[in-house]
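Below are the chains, spelled out letter by letter.
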Amino acid sequence: RFVVKGSLAGAAVYVAYDQGLLGSGTQGAEALKKARAALPPAIQEWTSYIGWEVRTVQMNTLPPTPKFDFSPSDSWNKGVQTVMSALSVAPTRACEYTVEGWKYVKDLVK
């Protein structure tokens, strides 16, 4: 079980490296553009392979789908910035919490 999971994780890292996702920001942006271009045809091919029929619906029966302004690269960058910010203040916070803990223990002992 561990070997299978390790193999899958290794394969995922290799594919990410091979596609340029672990490179510079420009390489990641290019890989994202390629993925955006390849995804709709791949989904269409997959649904036809499985046998699902993608039906067109009359425009008056359903409301239009909402437009999402979601960028995976912006979300990734925001996540990295949040983590780095938390790591940069971690030593200061650890000292503050230690001082507060000692004060609490001293107050309990009194």
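Residues numbered from 1 in each chain as written. Predicted model: local features only at pLDDT ≥ 70, side-chain atom pairs only at ≥ 80, totals over all residues. Heavy atoms only, no water.

Looking at an unreviewed UniProt entry, the protein carries the name MICOS complex subunit MIC13, with the source organism given as Fregata magnificens. Regarding the protein, the UniProt comment filed under Subunit (unreviewed entry) reads as follows: "Component of the mitochondrial contact site and cristae organizing system (MICOS) complex." (UniProt positions renumbered as here; feature names shortened; annotations may be inferred.)

Q: Mind showing me how you'd approach the overall build of the protein here?
A: Within the protein, the regular secondary structure consists of 3 helices and 0 strands. Listing the helices and strands of the protein from first to last along the sequence gives α-α-α. Residues classed as buried in the protein amount to 5% of the 110 residues present. Working note: accessible area of the protein is about 10600 Å², and carbon and sulfur atoms make up 65% of it. (Helix = DSSP H or I, 4+ residues; strand = E, 2+ residues; numbered from the N terminus. Buried < 20%, exposed > 50% of the residue type's maximum accessible area, 1.4 Å probe, protein only. Areas by Shrake-Rupley, 256 points an atom, 1.4 Å probe, with all protein chains shown as cover.)

Q: Could you clarify how one ought to interpret helix α1 (residues 2-18) in this entry?
A: In an α-helix, one turn spans 3.6 residues; hence positions three or four apart end up facing the same way. Between the first and last C-alpha of α1 there are 24 Å, a value that for 17 residues agrees with the 24 Å anticipated at 1.5 Å per step. Where α1 ends, the next residue or the one after it, Gly-20, has phi of about 90 degrees, a positive value. (Expected span 1.5 Å × (residues − 1).)

Q: Quick question: what am I supposed to make of the pattern of salt bridges here?
A: Side-chain pairing between opposite charges can occur once the charged atoms of the two side chains come close. Per the stated rule, a full pass over the model turns up 1 salt bridge. Glu-96 is the partner of Arg-93 in a salt bridge, and the nearest nitrogen-oxygen pair spans 3.9 Å. In this pair, Arg-93 and Glu-96 are both assigned in helix α3 (residues 72-109), 3 residues apart and thus about one turn of the helix distant. Residue class for Arg-93 comes out partly exposed when judged on its relative accessible area of 42%. Take Glu-96: its relative accessible area is 37%, and that puts it in the partly exposed class. (Salt bridge = Lys/Arg side-chain N within 4 Å of Asp/Glu carboxyl O.)

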